[in-house]
Amino acid sequence: MDAATLNRIMAGRDNPSLKEMLDQFNQQHQQVFNFSHLTTSGQWVLFWNRLFEYLTDPELVECRGNALVAIKLLSRDKTYLNETVHGGQLDCLLNLAGIGMQQDENWNEDVVVEALKCLSNLIFQSKKCQELCLGNPSTEGILRRIKMYKDSNHCYDVKYFDMKLLFLLTAINCDIRAKVREDLHGLAYLVETLDLFMSQAAEVKEFSDKDLDLINEVLKVLFNLTVRTPSNAIPEEDEAGDFHRLIVVIHDLFFYRTLNRDKIVLLHSNIVNLLTSVPASCYSELVGSLEDQQDSRTVIPFEGRNVYVLHVLIDFLKKNFQKAEKKSEQYELLSPILTVLVKAVRSSALHRRYIRSIILPPLVNVLNRPEIGDELRNHLCSLLTSPCSQIAELSAELMFVMCKENVGRMIKYTGYGNAAGLFANRGLLGGRQGNTDQYSSDSEDSDTEEYKQIQHAINPVLGCYEPPKPNPLEGMSDEQKEYEAMQLVQLMDQLQRKGVVQPCRIGEDGRPQPVDHILELQEQIPEQQRDHRRKT
């Protein structure tokens, strides 16, 4: 658009073609995100301020929608946003969106939606706007309207962009997050809203794409409100009722269907993210009664209970393993679901037994190393030595709890080499055991015949069968054996001096402790021999 036409738009209310010219500007700039042709000439600021004058002019009500679209487009370029936007302009947008101090008498849903879009852009783009929203009535206005959803007839777009705006407010500004949660009781109202949106499709138990879009936005806001940060560290017992109601609603969400597979994957992803913030004490609600479900497709019986939700979570882990081809993607894709499964197996013996039956079934094929293969056990074992320490720790924690913190059982399923990091971090080297007292004494091991036949030939370090190898010392004299042993000591000493390796011995706390010289390891040989004789 040339400068002359833009000047005609800014001429004021006397322009009889103002609405048409604004519409022309909007159409020409739909795909524009950089308005350098306006910012360099100084016209951006003039045009911005003039548009807000049009919004407040009672004689230009019919131009408000077009003016708001222009503001939305201009706000994509944040060059002058922080120094131009002021509280009065934000209040104007809040009023037009129906969440300000003054309600717009000319209620128009299209105007409301466009005003919400403008607010979302401004809050995303401008640090100043984020700070202004801490003192203006934006959050109170959204919560006020959310409370009215049940008794009002707001259209889908209003609800959707309400949630979009609330998500941005609570995601970007920790103070706003605390305000919504503590002062405005946002957690309780959002759980009610989630339940309301679900109830609208309760009869058919099937979501449309729009239903899922709304619910996903609510779940994202709930995650913001429940995630634990220093400014959001409310004791869980103070909100036990809200969390209990939330987990019941989440449980029911798993039983709704949809024809759009991508949407349901996104739904499960948002649920998993939210579950990472839910106290483990509430996880018992994830398992329901067999009588509660009429659809056989959503019934997975286990020990008299319906563990369908746990089945979906395990399936979600399996699918994310398939997605995480690059190591750089592992943390984002696997960390949330691993966290949820760790909390699940720690929260209930029934959860642990079912998840273990799927991930760590009785061993049949031990010809390959534990980290090689397409089973969940193989994928988890491969993560035990991941360079991403958080992923390695979560995987080790999940498998260790499924093994009831029994060191021997952990070695059986993973191999000592893969689990050595966990044992070292927990002081479990040298034959110590984990906190096994918290688990029942009955054994869950049921070795298969295939496993028993080759158990004697399994290398515990590798965690798999190892064919017999010829003895490299066979045929050597004692002098030759001693010579080769000293050569090995010298080589290890050289590696230590060069900083390549650091020999360690197991301390009294069960953790590795560095030694100054390789020969110090000889001191533990008699003790190790005594332990070996004791075990045999």
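One can find the structure itself at the top, above this paragraph.
It should be emphasised that the depicted structure is a prediction, and the values quoted were computed from it without experimental measurement.

Rules of the game
- Residues numbered from 1 in each chain as written.
- Predicted model: local features only at pLDDT ≥ 70, side-chain atom pairs only at ≥ 80, totals over all residues.
- Heavy atoms only, no water.
- Helix = DSSP H or I, 4+ residues; strand = E, 2+ residues; numbered from the N terminus.
- Rg over C-alpha atoms; globule rule 2.2 N^0.38 Å.
- Buried < 20%, exposed > 50% of the residue type's maximum accessible area, 1.4 Å probe, protein only.
- Contact = heavy atoms within 4.5 Å.
- Areas by Shrake-Rupley, 256 points an atom, 1.4 Å probe, with all protein chains shown as cover.
- Lys, Arg positive; Asp, Glu negative; His and termini not counted.
- Charge placed at Lys NZ, Arg CZ, Asp CG, Glu CD.
- Core = buried A, V, L, I, M, F, W, Y, C linked by side-chain atoms within 4.5 Å.
- Axes fitted to C-alpha atoms, helices over the stretch in contact; angles between N-to-C directions.
- Parallel < 35°, antiparallel > 145°, perpendicular 65-115°, else oblique.
- Nonpolar A, V, L, I, M, F, W, Y, C, P; charged D, E, K, R; others polar.
- Salt bridge = Lys/Arg side-chain N within 4 Å of Asp/Glu carboxyl O.
- Pairing = 2+ DSSP bridges.

Chemist: Even after reading the chapter, I still don't get the overall build of the protein, so can you show me in this structure?
Modeler: What the protein contains, in helices and strands, is 26 helices and 7 strands. Compactness check: the protein gives a C-alpha radius of gyration of 32 Å against a globular reference of 24 Å for 536 residues, more than 25% above the reference. Each principal axis of the C-alpha atoms in the protein carries an extent, and together these give about 110 × 60 × 40 Å. Residues counted as buried form 47% of the 536 residues belonging to the protein. Long-range pairs, those at least 24 residues apart, make up 70% of the contacts in the protein between residues at least 6 apart in sequence. Working note: accessible area of the protein is about 27300 Å², and carbon and sulfur atoms make up 49% of it. For the protein, the distance from the average position of its 58 positive side-chain charges to the average position of its 75 negative side-chain charges is 2 Å.

Chemist: Would you take a moment to explain the nonpolar core for this structure?
Modeler: Formed by 152 residues in total, the largest nonpolar core has its most connected members in Leu-275, Leu-313 and Phe-423. Setting aside residues no more than four positions away along its own chain, Leu-275 makes contact with Ile-247, Ile-250, Tyr-283, Leu-286, Leu-313, Val-340 and Lys-343.

Chemist: Where do I start with the packing of helix 19 (residues 349–359) against helix 21 (residues 389–402) in this structure?
Modeler: Angle between the axes and distance between the axes: these two values describe a pair of packed helices. The contact between helix 19 and helix 21 brings their axes to 9 Å, and the two run at 110°. Considered as vectors, helix 19 and helix 21 are oriented roughly perpendicular to each other. Along its contact with helix 19, which presents Arg-352, Ile-355, Arg-356 and Ile-359, the element helix 21 presents Leu-398, Val-401 and Met-402. For the contact of helix 19 with helix 21, the residue count by class is 5 nonpolar, no polar and 2 charged.

Chemist: Mind showing me how you'd approach the pattern of salt bridges here?
Modeler: A side chain with one charge can pair with a side chain of the opposite charge if their charged atoms come near. The full count for this structure, using the stated rule, is 15 salt bridges. Salt-bridge contacts for Lys-164 lead to Glu-217; the nearest nitrogen and oxygen are separated by 3.6 Å. Here the residue Lys-164 occupies a position in helix 11 (residues 156–172), and Glu-217 occupies one in helix 14 (residues 209–226), the gap between them amounting to 53 residues. Lys-164 gets classed as partly exposed once you look at its relative accessible area, which sits at 27%. Among the salt bridges present, the one from Glu-371 reaches Arg-369, with a minimum N-O distance of 3.0 Å. Looking at Glu-371, the relative accessible area reads 21%, which means it is partly exposed. One salt-bridge network, in which partners are shared between bridges, spans Lys-72, Glu-114 and Lys-117.

Chemist: Hey, could you run me through the sheet that holds strand 2 (residues 301–302) in this one?
Modeler: Adjacent strands of a sheet form backbone hydrogen bonds with each other and so pair up, either parallel or antiparallel. The strand order across the open sheet built from 3 strands is 1-3-2, with neighbouring strands paired in antiparallel fashion. Unpaired on one side and paired on the other, strand 1 (288–289) and strand 2 mark the two borders of the sheet. Across 2 bridges, strand 1 lies against strand 3 (residues 305–306) in antiparallel orientation. Its bridge partner being in strand 3, Ser-289 is matched across the sheet by Arg-305.

Chemist: Explain the packing of helix 21 against helix 23 (residues 416–426) here, please?
Modeler: As a packed pair, helix 21 and helix 23 sit with axes 10 Å apart at the nearest point and diverge in direction by 85°. By the angle between their axes, helix 21 is roughly perpendicular relative to helix 23. On helix 23, the residues that touch Ala-396, Glu-397 and Phe-400 of helix 21 are Leu-422, Phe-423 and Arg-426. Residue composition of the contact of helix 21 with helix 23, by class: 4 nonpolar, no polar and 2 charged.

Chemist: How do you make sense of unusual backbone geometry when you look at a structure like this?
Modeler: What you tend to see is this: most non-glycine residues have negative phi, and most peptide bonds are trans. Positive phi, normally seen in glycine, also occurs at His-185, with a value near 55°. In this fold, His-185 is placed in the loop between helix 12 (174–183) and helix 13 (186–199). Phi is positive for Glu-303, close to 55°, though the residue is something other than glycine. Relative to the elements of secondary structure, Glu-303 occurs in the loop between strand 2 and strand 3.

Chemist: In this structure, what is going on with the side chain of Lys-343? I would like to understand it.
Modeler: Following the sequence through the fold, Lys-343 ends up in helix 18 (residues 330–347). What Lys-343 contacts, discounting residues up to four positions off in sequence, is Leu-275, Thr-276, Ser-277, Val-278, Pro-279, Ala-280 and Tyr-283.

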